[in-house]
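For reference, the chains in residue letters:
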Amino acid sequence: GAVVSQHPSWVICKSGTSVKIECRSLDFQATTMFWYRQFPKQSLMLMATSNEGSKATYEQGVEKDKFLINHASLTLSTLTVTSAHPEDSSFYICSARGDRTGDLEQYFGPGTRLTVT
Amino acid sequence: GQNIDQPTEMTATEGAIVQINCTYQTSGFNGLFWYQQHAGEAPTFLSYNVLDGLEEKGRFSSFLSRSKGYSYLLLKELQMKDSASYLCAVRSFSGGYNKLIFGAGTRLAVHP
């Protein structure tokens, strides 16, 4: 099946710093990538959708200047949390859809746990 | 607005059958997915329904009634490893593209 990786798997940073999370499709070309956030015991909340080579579409309530998304190639999307604060601590998961997944499914990465101190 | 409801927690016994229900009210309905998620891990795909009826896949089956806005996931011959959260997700076509809207998940605990 299609494989999606994320890096890092976990990160701890200080309040006010920025953190970059990478999402890669390893064996297929991801025309669309999705970024989700999940707080403990809650469900996944879609943050934004990005198509390769174009600007990301953010969901209502998500600050695009705080959560910078870049989808520069068909195998890589990055999420940068700028000026992170403790309330940004969460589990960030990306998913990808592309030429091998068809329109049926999104394949999820393993997630990145961000802790802001 | 978009709304997906499923029970918060369920318990069941190893070897038994459990049914997890999901009701939804969404616009642009374009299919319903069930995912399994173990704590601290990403969701894994279980099933997909877009037409009314039952889809069977080994120990797992999923049912959809679009007119009622209702789905269920049926797990048979429960095993301890089935203890996980089960997420109901509706694919909604909005703004020119499909996106998944997730329910809060049902935490299933399987006991010996």
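Above this text sits the structure in question.
This structure is a prediction, so every number in the text was calculated from the model and none was measured. (Residues numbered from 1 in each chain as written. Chains lettered and ligands numbered in written order. Predicted model: local features only at pLDDT ≥ 70, side-chain atom pairs only at ≥ 80, totals over all residues. Heavy atoms only, no water.)

A few words now on the overall build of chain B. Helix and strand content of chain B: 0 helices and 11 strands. The secondary structure elements of chain B, listed N-terminal to C-terminal, are β-β-β-β-β-β-β-β-β-β-β. For 112 residues, the compact-globule formula gives about 13 Å, and the C-alpha radius of gyration of chain B, at 14 Å, lands near that figure. Pairs at least 24 apart in sequence give 55% of the contacts found in chain B among residues at least 6 apart. Accessible surface for chain B amounts to roughly 5300 Å². Of this, 50% is attributable to carbon and sulfur atoms. In chain B, 9 positive and 9 negative side-chain charges are present, and the distance between their average locations comes to 7 Å. (Helix = DSSP H or I, 4+ residues; strand = E, 2+ residues; numbered from the N terminus. Rg over C-alpha atoms; globule rule 2.2 N^0.38 Å. Contact = heavy atoms within 4.5 Å. Areas by Shrake-Rupley, 256 points an atom, 1.4 Å probe, with all protein chains shown as cover. Lys, Arg positive; Asp, Glu negative; His and termini not counted. Charge placed at Lys NZ, Arg CZ, Asp CG, Glu CD.)

The subject of this paragraph is the nonpolar core. One finds Trp-35, Phe-67, Leu-79, Tyr-92 and Leu-114 of chain A to be the most contacted residues of the largest nonpolar core, which totals 25 residues. Among the elements of the structure, strand S2 (10-13), strand S3 (19-25), strand S4 (30-38), strand S5 (45-51), strand S7 (67-73), strand S8 (76-81), strand S9 (90-98) and strand S11 (112-116) of chain A are those that each provide at least two residues to this core. Among residues more than four places away in sequence, those in contact with Phe-67 of chain A are Arg-37, Met-47, Tyr-58, Val-62, Leu-79, Thr-80, Val-81, Asp-88 and Tyr-92 of chain A. Core analysis: the second largest hydrophobic core is formed by 21 residues, Tyr-24, Leu-75, Tyr-86 and Ile-101 of chain B among them. (Core = buried A, V, L, I, M, F, W, Y, C linked by side-chain atoms within 4.5 Å. Buried < 20%, exposed > 50% of the residue type's maximum accessible area, 1.4 Å probe, protein only.)

A complete count under the given rule lists 7 salt bridges over all chains for this structure. Between Asp-88 of chain A and Lys-66 of chain A there is a salt bridge, with the nearest N and O atoms lying 2.9 Å from each other. With Asp-88 of chain A in the loop between S8 and S9 and Lys-66 of chain A in the loop between strand S6 (57-58) and S7, the pair connects residues that are 22 residues apart, well separated along the chain. Lys-66 of chain A shares its class with Asp-88 of chain A; the two are buried. Here Asp-82 of chain B and Arg-59 of chain B are joined by a salt bridge, their closest N and O atoms 2.8 Å apart. Of this pair, Asp-82 of chain B sits in the loop between strand S8 (70-75) and strand S9 (84-94) while Arg-59 of chain B sits in the loop between strand S6 (53-57) and strand S7 (60-65); the two residues are 23 residues apart in sequence, bridging distant segments of the chain. Across this residue pair, the class does not change: Asp-82 of chain B and Arg-59 of chain B are buried. (Salt bridge = Lys/Arg side-chain N within 4 Å of Asp/Glu carboxyl O.)

What follows deals with the interface of chain A and chain B. Facing 22 residues of chain A, the contacting portion of chain B comprises 19 residues. Summed over both sides, the interface between chain A and chain B buries roughly 1600 Å², with carbon and sulfur atoms accounting for 54% of that surface. Put simply, chain A and chain B have 1 salt bridge between them. Close ionic contact of Lys-99 of chain B with Glu-59 of chain A constitutes a salt bridge, the shortest N to O distance being 2.7 Å. Scanning the region where chain A abuts chain B turns up 3 residue pairs in polar contact (both at pLDDT 80 or more). Breaking the side of chain A that touches chain B down by element, the ones donating at least two residues are S4, S5 and S9 of chain A. Of the residues in the side of chain A that touches chain B, the class split is 9 nonpolar, 7 polar and 6 charged. (Buried area = accessible area lost by both parts, 1.4 Å probe. Polar contact = N/O pair within 3.5 Å; in protein donor to acceptor, adjacent residues only side chain to side chain. Nonpolar A, V, L, I, M, F, W, Y, C, P; charged D, E, K, R; others polar.)

Residue and element names in this part refer to chain A. An order of S1-S3-S8-S7 is seen for the 4 strands of this open sheet, with the pairing classed as antiparallel. Every interior strand has two partners, whereas the edge strands, strand S1 (4-7) and S7, have only one. When the angles between neighbouring strand axes are averaged without regard to direction, this sheet yields 15 degrees. As defined by bridge partners, S7 adjoins S8 across 5 bridges and the pair is classed as antiparallel. The residue bridging Ser-73 from the neighbouring strand is Leu-76, located in S8. (Pairing = 2+ DSSP bridges. Axes fitted to C-alpha atoms, helices over the stretch in contact; angles between N-to-C directions.)

This brings us to the packing of aromatic side chains. A complete count under the given rule lists 13 aromatic pairs over all chains for this structure. Here Tyr-36 of chain A and Phe-102 of chain B contribute two aromatic rings whose centre-to-centre distance is 5.6 Å and whose plane-to-plane angle is 90 degrees, an arrangement assigned as edge-to-face. Here Tyr-36 of chain A, found in strand S4, pairs with Phe-102 of chain B, found in strand S10 (residues 97-102), and the two come from separate chains. Ring centres of Phe-33 of chain B and Tyr-48 of chain B lie 4.7 Å apart, and the angle between their planes is 45 degrees; this geometry places the pair in the tilted category. Taken together, the residues Phe-33 of chain B in strand S4 (residues 29-37) and Tyr-48 of chain B in strand S5 (residues 44-49) connect sequence positions 15 residues apart. Note on Phe-33 of chain B: relative accessible area 1%, which makes it buried. Connected via pairs of aromatic rings, a cluster forms that spans Tyr-36 and Phe-108 of chain A together with Phe-33, Tyr-35, Phe-45, Tyr-48 and Phe-102 of chain B. In this arrangement the basic side chain of Lys-66 of chain A is found over the ring face of Phe-67 of chain A, its NZ or CZ atom lying 5.9 Å from the centre. (Phe/Tyr/Trp six-rings, centres within 6.5 Å; stacked < 30°, edge-to-face > 60°. Lys NZ or Arg CZ within 6 Å of the ring centre and 35° of its normal.)

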